[in-house]
Amino acid sequence: MSGAGSKKVAVVAGDGIGPEVVESALAVLDAVGAQFERVPVEIGLARWKRTGQAMSNEDLEGLKECDCILFGAIGTPPDPNYKSALLRIRKELDLYANIRPFQSQDLDFIIVRENTEGLYSGLEEVGVEESHTMRVITRRGSERIAEKACDLAACRRMLTIIHKSNVLRSDRLFLESCRAVAARRGVLSEDMLVDAAAYNLVVNPKRFDVLVTTNLFGDILSDEAAGVIGSLGLCASANLGDARALFEPIHGSAPDIAGKGIANPVGAIRSAAMMMEWLGEPEKARRMEAAVQNALACGAKTPDLGGSCGTADVTRAVVEYLKAF
Ligand code: ATP
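In this text the structure is predicted, and so the values were computed from the model without any measurement.

**A few points about the pairing of strand E3 (residues 68–73)**
At step 1: Judged by how many residues are buried, E3 sits mostly within the fold: six of six residues are covered.
At step 2: Here five bridges tie strand E1 (residues 8–14) to E3, and the two strands are oriented parallel to one another. Looking across to E3, one finds that Ala10 is bridged to Ile69.
At step 3: Strand direction decides the pairing type here: E3 and strand E12 (residues 245–249), joined by two bridges, are parallel. Considered in E12, the bridge of Ile69 is made with Leu246.

**Some words on the nonpolar core**
At step 1: Ranked by internal contacts, the top residues of the largest apolar core, which has 81 residues, are Leu29, Leu159 and Met275.
At step 2: With eight residues, helix H9 (residues 266–278) is the single largest residue contributor to this core.
At step 3: Among the domains, domain 1 (1–97 + 237–325) and domain 2 (105–126 + 133–229) are the pair contributing at least three residues each to this core.
At step 4: The contact partners of Leu29, leaving out residues within four places of it in the chain, are Ala34, Phe36, Leu70, Ala272, Met275, Met276 and Met288.
At step 5: Membership of the second largest hydrophobic core comes to 19 residues, among which are Leu60, Leu86, Leu95 and Leu246.

Definitions and limits used
Counting of residues starts from 1 at the beginning of each chain's written sequence and follows it residue by residue. Two thresholds apply to this predicted model, a pLDDT of at least 70 for residue-level local features and 80 or more for giving and counting side-chain atom pairs, whereas whole-chain, interface and lining totals are computed over all residues. Based on all heavy atoms of the structure, the side-chain values leave hydrogens and waters out of the count. Here's how the labels work: a residue is buried when its accessible area is under 20% of the maximum for its type, exposed when over 50%, partly exposed in between, all with a 1.4 Å probe on protein chains only. Under the scheme used here, helices are H or I runs from DSSP no shorter than 4 residues and strands are E runs no shorter than 2 residues, and both carry numbers assigned from the N terminus. Strand pairing is defined by DSSP finding a minimum of two bridges between the two strands. Take the buried Ala, Val, Leu, Ile, Met, Phe, Trp, Tyr and Cys residues and link them wherever side-chain atoms come within 4.5 Å; each set so joined is a nonpolar core. Domain borders in the structure are assigned automatically or taken from a domain database. Any two residues having at least one pair of non-hydrogen atoms within 4.5 Å are treated as being in contact.

Worth remembering: the numbers are spatial, not functional.
Dropping the structure here:
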């Protein structure tokens with residue numbers, strides 16, 4: 001990549017606390033000297049309320065024309081036929097790898113979640129008495145997510161393949177494919193049933209390094225991991241394809257705290273740091289993470305972390321550190 005200067009970033013602030021945490025992330029990006037063209041795109045619940053549509057085909061095309069997307073969070077319209085706009089973006093832009101790092105003072109592991117198939121395939125038959133959702137596992141999908149996980153595990157300790165192949169036969173293909181990729185790449189790997197992984201994440205999270213798993217398991221385990229780290233509000237993610245990317249905090253639109261000015265912006269700031277890394281500016285990403293860690297260490301904490309700071313206070317602490325160092 002040639003650096004962020006000539007890049008175009010779609011900014012989807014979204015709903016609920018999405019705009020609050022995105023505003024914070026943009027302020028931190030300004031403070032670190034990030035330069036890229038910002039393209040605001042309105043997608044989500046507010047848009048649906050205004051126009052009856054959460055996202056149009058033109059929006060999707062617009063997103064494809066940008067280098068990457070900085071995303072807040074979007075709410076779900078109260079329409080039983082609504083299909084998730086975020087799932088559609090992930091699918092249509094083929095953002096197959098959801099990378100979710102979890103770091104605290106004594107923990108450091110990454111969940112790599114397959115992002116386009118599994119139980120989120122969108123293949124559903126919904127009836128009054130009976131409903132079916134198709135769980136799709138393909139060799140290609142499993143191998144390419146395993147490759148992404150091995151890219152990370154190759155310079156770390158170990159890969160843990162999380163599955164439920166004792167019950168779900170589709171997971172045998174996932175497990176075999178991941179094992180084969182890890183062996184070919186020379187990455188040390190083990191496997192674990194998802195229920196055991198859920199337990200171990202609570203009782204012994206230090207044992208994990210890089211975890212790779214299917215879509216639904218990754219969704220659930222990452223919220224659990226966020227709880228283990230301390231708060232959903234701390235955690236970031238990158239949704240990566242081979243050429244495109246979307247960066248978002250792992251939390252949702254949190255309507256219960258929206259508009260109160262108390263949302264933790266750290267997950268969004270860390271997502272913006274992951275974006276800078278992807279845009280070829282690792283030094284800016286490193287400085288942003290250092291600024292976040294310094295702000296937290298100095299007690300700039302929102303109520304989800306037991307603090308009494310607002311979103312703006314935490315943002316200010318991060319920005320001031322970046323201006324000073
Ligand atoms: P979605 O369906 O979009 O995932 P949700 O309401 O199920 O939305 P979240 O929006 O992630 O899930 O919220 C779960 C809980 O975590 C809520 O109580 C919310 O207030 C809290 N939470 C989420 N993000 C943050 C944040 N950034 N700062 C503080 N609390 C947060």
